[in-house]
There are 2 protein chains.
Amino acid sequence: MTTIKDIAKIAGVSVATVSRVINESGYVNVDTRKKVEEAINVMNYSPNEVARSLYKRKSKLIGLLLPDITNPFFPQLARGVEDLLQENGYRLIFGNSDENEDKELDYIRTFVQNNVIGVISSTNFPDSDTYHKLKIPIVFLDRTSNESPSVYADGREGGRIAAREIILRGSKRITILQGPAHIKPAQDRFQGAIEVLEELGMTYDVIQTSSFSYGEAGKWAKELFDKHTDTDGVIASNDIVATAILQEAHRLGKAVPQDVQIIGYDDTPLSSLLSPSLSTIRQPAYDMGREAAGLLIRLIEQDKVEDSIIQLPVSFVERETTRTII
Amino acid sequence: MTTIKDIAKIAGVSVATVSRVINESGYVNVDTRKKVEEAINVMNYSPNEVARSLYKRKSKLIGLLLPDITNPFFPQLARGVEDLLQENGYRLIFGNSDENEDKELDYIRTFVQNNVIGVISSTNFPDSDTYHKLKIPIVFLDRTSNESPSVYADGREGGRIAAREIILRGSKRITILQGPAHIKPAQDRFQGAIEVLEELGMTYDVIQTSSFSYGEAGKWAKELFDKHTDTDGVIASNDIVATAILQEAHRLGKAVPQDVQIIGYDDTPLSSLLSPSLSTIRQPAYDMGREAAGLLIRLIEQDKVEDSIIQLPVSFVERETTRTII
DNA sequence: TTGTATGCGTTATCAT
DNA sequence: ATGATAACGCATACAA
């Protein structure tokens, strides 16, 4: 590996001078600058970020913690984060937490050990000690905590919209899937929907679920139609579950949306590809990722940051699993 | 931040001794070890990986380069990689290349700048200078290059299977989608299919495509049924494109699989959720990721590694877009 | 305008 | 069995 020393030798200057031209700091004569740049090009030199990081006590690395990149909602988030960071010269250390606190702590620790300059986390434990003690900027993504910087979509409103739309389109006996208890955004959207259901005096049933995995979704779907045969509207906790419901309805010979309406949540790419395509509440995942990255960069680079809590709007995406308004 | 110096002071020993207990290297008295461990626990100390990395000239970081995490095939790969690496104490620096060589080089450079100890890459340019000059182990994932370590599924065989199965199930006028020219695995599967088509003397048409994106897939679907009205079997370049074909067939009122059979490629989670669910060629993505990580670790930790080219089997997954064998 | 020297936190060598 | 110290590659304070 070629080091700053090699460059200095080749250019016939001291390492300090080389450092100056690299970092455009301090004075340096035009001619010597040229010599140095020449040497840098010839050797195809680029500075060792590890040494820099050690000296400055901070790197260009940012830690990203997501529950599970295999859940189609998260790649979009990740991509948004990565794009903006990359454009700004930052790089990503990435980990899946599986909503598991231990795994999460382990990652946070190695983030710190690697001098990451900030972290973006979709955690279920934003109030844990680990986060409070962190001395680097952190933004919670798709999660919130008090006054902490965070980027999320309005889950409660999303739930309200879902309930309103499905009622508006004529469902009378609604079943609502309650997402995993430990996942805050899932509870928010559930609460929002319940509110509207109550306000409008609708009769409804609730099915508890404990994960968002493809594997288990089918189970809830079966349970739903098993327990609540006369359901004519389903508010699912996310698109994955909604898809399973749709499949099960299909299997049972129920017509969607004529017999049962279904509303998903997230608007993952999947939802537009189903037949019938899935009506859903859209979260602007890619934008959320970008916003989170932007916020983190501001937190890192500026002294004072306003608007460190960013709430993005959700919206109803009308597709084919809901009827058209009469 | 608490450093090894702090621990040394608290434990009343030298930094050398602390280092010894941390790394379990050299002799250290049981009692002093206890004192040191005590201090480490009290201070919740963990060593600065950056300093370690600087001294040792290598980190515990591994670079992972994927085309686009937003394409549902790649999260599975990524997850496989991450799981195995994480279990072995390695961490991931992650980047999307968008199949763009410049972006890729940029990432490889920053990988090196950060002393990554190995790289896993799904690149279209495995023979580029950058990779040849890399002095750290690299494994190509879902890609191959000569004798270089790599993990991939047998694309040619996958293509052959797809063609065989669709013919076996009665399609006579097959249209085959040729994936992006610059993506090697896409061409492999295409070649494999063509071989069988030729061998069996089938008539077939080819549609060129230039990306795997959701956005453009619909375009090719339209083109396909537009140009080749009498097609009764479609071999798609991957599940995304197959899904678009399925949608378009549906829109045109063609019955699947009665009028048209469709075979996808990859077996992304998506494919089992469609209606009709998608028959496809399965690539064991998660396992490929794990294998790649395992191979890389062997490359890193062992002097000599056999079987550094790992080919995983593909298989036909029979679902509802193909007819049952007569 | 440039160079020398120091320290970032760690590991390893060499004494003791 | 333990400690003092050089070195990893870089950026900066200070001298010149």
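Computed from a prediction, not measured in an experiment: that's the story for all the values here.

Participant: Lay out the packing of helix H5 (residues 73-87) of chain A against helix H13 (residues 285-301) of chain A in plain terms, naming residues and giving numbers.
Facilitator: Residues and elements named next belong to chain A. Running from amino to carboxyl end, H5 crosses H13 at an angle of 40 degrees, the nearest separation of the two axes being 7 Å. On the basis of their axis angle, the class for H5 and H13 is oblique. H5 and H13 meet at a crossing whose hand is right-handed. Contacts from Phe 73, Gln 76, Leu 77, Arg 79, Gly 80, Val 81, Asp 83, Leu 84, Leu 85 and Glu 87 of H5 reach H13 at Ala 285, Tyr 286, Met 288, Gly 289, Arg 290, Ala 293, Gly 294 and Ile 297. In terms of residue class, the contact of H5 with H13 is made up of 10 nonpolar, 4 polar and 4 charged.

Participant: Report on the protein's contact with DNA strand D, specifying residues and quantitative values.
Facilitator: In the neighbourhood of DNA strand D, 26 residues make up the surrounding shell, with A:Ile4, A:Arg52, B:Arg20, B:Asn29 and B:Thr32 lying closest. A distance of 2.5 Å is found between a phosphate oxygen of DNA strand D and a side-chain nitrogen or oxygen belonging to A:Arg52. In the environment of DNA strand D, a phosphate oxygen lies 2.5 Å from a nitrogen or oxygen atom belonging to the backbone of B:Asn29. Contributions of two or more residues to the surface near DNA strand D are made by helix H2 (15-23) and helix H4 (49-56) of chain A together with helix H2 (15-23) and helix H4 (49-56) of chain B. Ranked by residues supplied to the surface near DNA strand D, first place goes to H2(B) with 4 residues. A breakdown of the residues in the surface near DNA strand D according to their chemical character gives 14 nonpolar, 9 polar and 3 charged.

Participant: Give me the domain arrangement of chain A: which residues, what numbers.
Facilitator: All names here are of chain A. By the assigned domains, chain A splits into domain 1 (4-47), domain 2 (61-153 + 285-314) and domain 3 (155-283). Facing the 14 residues of domain 2 at the interface are 19 residues of domain 3. Sorting the residues of domain 2 by area buried against domain 3 places Pro 72, Phe 73 and Val 314 first, and these three jointly supply 40% of that buried surface. Between domain 2 and domain 3 we count 0 salt bridges in total. Our count for the domain 2 to domain 3 interface comes out at 2 residue pairs in polar contact (both at pLDDT 80 or more). Residue composition of the side of domain 2 that touches domain 3, by class: 7 nonpolar, 4 polar and 3 charged.

Participant: Before we move on, can you summarise the pattern of salt bridges with the specific residues and values?
Facilitator: Applying the stated criterion across every chain, the model contains 56 salt bridges over all chains. Each of the salt bridges in this network shares a partner with another, and the network as a whole consists of A:Asp68, A:Asp98, A:Lys103, B:Arg79 and B:Asp83.

Participant: I'd like a description of H4(B), backed by residues and values.
Facilitator: Among the residues of H4(B), B:Glu49, B:Val50 and B:Ser53 are the ones counted as buried. One face of H4(B) carries all of its buried residues, which in axial projection span an arc of 100 degrees. Those residues of H4(B) that are buried lie in contact with H4 and helix H6 (101-113) of chain A. Two or three places before B:Val50, at the opening of H4(B), B:Asn48 has a side-chain oxygen 2.6 Å from that residue's backbone nitrogen.

Participant: Now, about the pairing of strand S9 (residues 261-266) of chain A: what can you tell me, with residues and values included?
Facilitator: Residue and element names in this part refer to chain A. Within S9, 6 of the 6 residues are buried, which leaves the element mostly enclosed by the surrounding structure. Direction of pairing for strand S8 (residues 233-235) relative to S9: parallel, over a ladder of 3 bridges. Across the sheet, residue Val 234 finds its bridge partner in S9, namely Ile 262. With 4 bridges joining them, S9 and strand S10 (residues 279-282) adopt parallel strand pairing. Along S10, the bridge assignment pairs Ile 263 with Ser 279.

Participant: I'd love a proper account of the side chain of B:Arg169, names of residues and values included.
Facilitator: Residues and elements named next belong to chain B. Mapped onto the elements, Arg 169 comes out in the loop between helix H8 (155-168) and strand S6 (173-178). We classify Arg 169 as buried; its relative accessible area is 5%. Ignoring anything within four residues of it in the chain, the contact list for Arg 169 reads Gln 261, Phe 316, Glu 318, Thr 322, Arg 323, Thr 324 and Ile 325.

Participant: Account for the sheet that holds S9(A), with residues named and values stated.
Facilitator: Residues and elements named next belong to chain A. Ordered by their spatial adjacency, 6 strands build an open sheet running S7-S6-S8-S9-S10-S12, and the pairing between neighbours is mixed. Edge positions in the open sheet fall to strand S7 (203-208) and strand S12 (315-317), since each of these has one partner strand only. Taking each pair of neighbouring strands and ignoring which way they run, the sheet shows an average axis angle of 20 degrees. Looking at chain direction, S10 and S12 are connected through 3 bridges and run antiparallel.

Participant: Could you give me a rundown of the interface of chain A and chain B, with the residues and numbers involved?
Facilitator: With 43 residues of chain A at the contact, the number on the chain B side is 44 residues. With both chains or domains summed, chain A and chain B bury close to 4,300 Å², and 54% of this area falls on carbon and sulfur atoms. Mapped by element, the contributors of at least two residues to the side of chain A that touches chain B are H4, H5, strand S2 (91-96), H6, helix H11 (239-251) and helix H12 (269-273) of chain A. The residue makeup of the side of chain A that touches chain B, split by class, is 17 nonpolar, 17 polar and 9 charged. Of the strand pairs in this sheet, S2(A) and strand S2 (residues 91-96) of chain B are connected by 3 bridges, and their pairing is antiparallel. When the sheet's bridge partners are listed, A:Leu92 is paired in S2(B) with B:Phe94.

Participant: I'd like a rundown of the environment of B:Ile240, residues and numbers included.
Facilitator: In this fold, B:Ile240 is placed in helix H11 (residues 239-251). C-alpha separation for the pair B:Ile240 and B:Gly264, spaced 24 residues apart in sequence, amounts to 7.9 Å.

Participant: So what's going on with unusual backbone geometry? Which residues, and what values?
Facilitator: Residue and element names in this part refer to chain A. Between Val 256 and Pro 257 the backbone carries a cis peptide bond, its omega angle lying at 10 degrees. Assignment of secondary structure puts Pro 257 in the loop between H11 and S9. Positioned with a positive phi, Glu 99 is a non-glycine residue whose angle comes to about 55 degrees. Here Glu 99 shows up in the loop between S2 and H6. One non-glycine residue, Asp 142, lies in the positive phi region at around 65 degrees. Topologically, Asp 142 is positioned in the loop between strand S4 (138-141) and strand S5 (150-153). A relative accessible area of 7% places Asp 142 in the buried class.

Participant: Can you tell me about the relation of the copies chain A and chain B, naming the residues and giving the values?
Facilitator: The two copies are related by a screw motion: chain A maps onto chain B through a turn of 180 degrees and a shift of 0.0 Å along the axis, at an RMSD of 0.1 Å. The symmetry that links the two subunits is that of a two-fold axis. For chain A, the residue whose C-alpha comes nearest the rotation axis is A:Ile93, separated from it by 2.3 Å.

Participant: Break down the UniProt feature "domain: HTH cro/C1-type" (unreviewed entry) in chain A for me, with residues and values.
Facilitator: Residues annotated by UniProt as "domain: HTH cro/C1-type" (unreviewed entry) correspond here to residues 3-50 of chain A. As annotated, residues 3-50 of chain A comprises 69% helix and 0% strand, and the C-alpha atoms at either end are separated by 12 Å.

Participant: Provide a residue-level description of the protein's contact with DNA strand C, including the pertinent values.
Facilitator: Around DNA strand C sit 24 residues, and of these A:Arg20, A:Asn29, A:Thr32, A:Tyr55 and B:Ile4 come closest. Those atoms of DNA strand C that come within 4 Å of the protein belong to sugar or phosphate at a rate of 66%. A:Ser14 is positioned with one of its backbone polar atoms (N or O) 2.9 Å from a phosphate oxygen of DNA strand C. At 2.7 Å from a sugar or linking oxygen of DNA strand C is found a side-chain nitrogen or oxygen belonging to B:Tyr55. Looking at the surface near DNA strand C residue by residue, the class counts come to 13 nonpolar, 8 polar and 3 charged.

So, how was this worked out
- Residues numbered from 1 in each chain as written.
- Chains lettered and ligands numbered in written order.
- Predicted model: local features only at pLDDT ≥ 70, side-chain atom pairs only at ≥ 80, totals over all residues.
- Heavy atoms only, no water.
- Axes fitted to C-alpha atoms, helices over the stretch in contact; angles between N-to-C directions.
- Helix = DSSP H or I, 4+ residues; strand = E, 2+ residues; numbered from the N terminus.
- Parallel < 35°, antiparallel > 145°, perpendicular 65-115°, else oblique.
- Left-handed = near helix turned anticlockwise from the far one by under 90°.
- Contact = heavy atoms within 4.5 Å.
- Nonpolar A, V, L, I, M, F, W, Y, C, P; charged D, E, K, R; others polar.
- Near = heavy atom within 4 Å.
- Polar contact = N/O pair within 3.5 Å; in protein donor to acceptor, adjacent residues only side chain to side chain.
- Domains from an automatic or database assignment.
- Buried area = accessible area lost by both parts, 1.4 Å probe.
- Salt bridge = Lys/Arg side-chain N within 4 Å of Asp/Glu carboxyl O.
- Buried < 20%, exposed > 50% of the residue type's maximum accessible area, 1.4 Å probe, protein only.
- Arc of directions from axis to C-beta.
- Pairing = 2+ DSSP bridges.
- Least-squares fit on C-alpha atoms with pLDDT ≥ 70 in both.
- UniProt positions renumbered as here; feature names shortened; annotations may be inferred.

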